[in-house]
Amino acid sequence: MPSFGQRLEGVFAARGQLCLGIDPHEFLLESWGLPDTAAGLREFGLRCVDAATGAVGIIKPQVAFFERHGSAGYAALEDVLAAARAAELLIIADAKRGDVGSTVSAYGAAWLTPGSPLEVDAMTVSAYQGVGSLSGALELAKAGDKGMFVLAATSNPESVAPQNAVLDRGGSVGRTVAASIVAEVHLLNSTAAGLGSTGVVIGATVAFHDYGIRVGELESTPILGPGFGEQGAQVSDLSVLYGAVCRNVVVNVSRSVLRAGPDGLRSELTRQAGLLIGVAGS
């Protein structure tokens, strides 16, 4: 089976870089005429999958919105994931899991094991306890041809101070936390012929130079890019925002397109995807 990086490149080539973030906020459920229940979440997610199929190649469900409804919410998410797999969409679970090694491995087993009810193609993870703490999950991902996206420089303003903190020990002395994560992930992808299978999250609202991030350390690294649309970044500015590595970016849009409602979502996704044509060779 092709690696996650190879499959991601295939999706980019065939269906472009746009990704639909499935974020069933309470206000969106209401505007879609759906109840804020597990059943409402299931219907919301399935309608998103229907709209995405044929319009984009990637979806990113935000796990927290399903998780808040407990076991029923997870059952709804399982149905959405099953529908997305049947539609041959690439799925990134926005779960942001992170802990000591053994616990992260258990998180990885839940989301990255082939045949699991929660099976996805990749998941987001946090390296707050060190990139090394992810090693067990990374091995599991490699064995199942799955991927992971490590938080590096995120799009929320609260993250600026901790992610810009400068290290005074270890192998990345003098570099920011964000830049050190990018560098460590770069090493994990160093043997990949094209895109590797371990990515990083770098928000579209982030300027690389402000964080000391080196573009050369992203050449083989997939980049998950939140921050488009609602947070201010424009899809049409992809090449300006990410420069030489813009072709590596999963361009995530969520609230800005979900506001179009179930009847307008597909056309809005198609419009946004059209903005990327020619921007990064999409």
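Now for a look at the structure at hand. Please read these numbers as outputs of a predicted model, since none were measured by experiment. (Residues numbered from 1 in each chain as written. Predicted model: local features only at pLDDT ≥ 70, side-chain atom pairs only at ≥ 80, totals over all residues. Heavy atoms only, no water.)

1. Describing the packing of helix H3 (residues 38–52) against helix H5 (residues 70–86)
Angle between the axes and distance between the axes are the two parameters that describe a pair of packed helices. Test applied: Axes here refer to lines fitted to C-alpha atoms; in helices the fit is confined to the stretch in contact. Angles between the N-to-C directions go from 0 to 180 degrees. Each helix is a run of DSSP H or I of at least 4 residues and each strand a run of E of at least 2, with the numbering of both proceeding from the N terminus. Convention used here: angles under 35 degrees read as roughly parallel, angles over 145 as roughly antiparallel, angles from 65 to 115 as roughly perpendicular, and any remaining angle as oblique. Crossings are assigned a handedness: left-handed for a near helix turned anticlockwise from the far helix by less than a right angle, right-handed for a clockwise turn. Residues count as neighbours in contact if any of their non-hydrogen atoms are within 4.5 Å of one another.
Two elements in contact, H3 and H5, have axes whose closest approach is 8 Å; the angle formed by their N-to-C orientations is 15°. One way to sum up the angle between H3 and H5 is to call them roughly parallel. As H3 runs across H5, the sense of the crossing is right-handed. Between H3 and H5, the contacting residues are Ala38, Arg42, Gly45, Leu46 and Val49 on the first element and Ala72, Gly73, Ala76, Asp79, Val80, Ala83 and Ala84 on the second.

2. A word on the sheet that holds strand E2 (residues 58–61)
The pairing of strands in a sheet comes from backbone hydrogen bonds and takes either a parallel or an antiparallel form. For clarity, the cut-off: Should DSSP find at least two bridges between two strands, the strands are regarded as paired.
Strands sit in the order E1-E2-E3-E4-E5-E6-E7-E8 around a closed barrel of eight strands; the barrel is parallel. Strand-to-strand twist of the sheet, defined as the mean angle between neighbouring strand axes without regard to direction, takes the value 30°. Summarising the sheet, strand E1 (residues 18–22) and strand E8 (residues 249–253) pair through three bridges and their orientation is parallel. Bridging across to E8, Leu20 finds its partner in Val253. The strands touched by H3 within the sheet are E1 and E2, with E1 carrying the most contacts at an inclination of about 170°.

3. A few points about the packing of H3 against helix H13 (residues 261–276)
Note the following rule: All amino acids are sorted into three groups, where Ala, Val, Leu, Ile, Met, Phe, Trp, Tyr, Cys and Pro are nonpolar, Asp, Glu, Lys and Arg are charged, and the leftover types, Gly among them, are polar.
In the contact formed by H3 and H13, the axes pass within 9 Å of each other and the chain directions differ by 35°. Crossing of H3 over H13 shows right-handed handedness. Residues Arg47, Cys48, Asp50, Ala51 and Ala52 of H3 form the contact with H13, whose participating residues are Pro262, Leu265, Arg266 and Leu269. Among the residues making up the contact of H3 with H13, the classes are represented as six nonpolar, no polar and three charged.

4. A closer look at the pairing of strand E5 (residues 147–153)
Convention followed: The rule is simple: take the accessible area with a 1.4 Å probe, protein chains only, and divide by the maximum for that residue type; under 20% is buried, over 50% is exposed, in between is partly exposed. A right-handed crossover is one whose linking path, passing over the helix from the first strand to the second, runs clockwise when the strands point away from the viewer.
The buried fraction of E5 is high, at seven of seven residues. When strand E4 (residues 122–125) meets E5, the two strands line up parallel, connected through four bridges. Within E5, the position partnered with Met123 by the bridge is Met148. The handedness of the E4 to E5 crossover, carried by helix H7 (residues 135–143), is right-handed. Pairing of E5 with strand E6 (residues 198–202) involves five bridges; the strand directions are parallel. Looking at E6, one finds that Val150 is bridged to Val200.

5. Comments concerning the pattern of salt bridges
One side chain can pair with another of opposite charge once the charged atoms of both are near each other. Cut-off, in case you're wondering: The working definition used for a salt bridge is a side-chain nitrogen of Lys or Arg within 4 Å of a carboxyl oxygen of Asp or Glu.
Counted by the stated rule, this structure contains 13 salt bridges. Ionic pairing is found between Arg42 and Asp79, a salt bridge with its closest N-O pair at 2.8 Å. Here the residue Arg42 occupies a position in helix H3, and Asp79 occupies one in helix H5, the gap between them amounting to 37 residues. The class of Asp79 is partly exposed, set by a relative accessible area of 34%. Residues participating in the shared-partner salt-bridge network are Glu26, Asp36 and Arg68.

6. Description of helix H6 (residues 101–112)
Formally: Residue count minus one, scaled by 1.5 Å, sets the expected span of a helix. Directions pointing from the helix axis toward each C-beta atom define the arc.
Taking 1.5 Å of rise per residue, the 12 residues of H6 would be expected to cover 16 Å, and the 15 Å separating its terminal C-alpha atoms lies within 8% of that figure. Listed as buried for H6 are Val104, Gly108, Trp111 and Leu112. Looking straight down H6, one finds that the buried residues subtend no more than 75° of arc, so they occupy a single side. Buried residues along H6 sit against helix H4 (63–67), H5, strand E3 (90–97), E4, H7 and E5.

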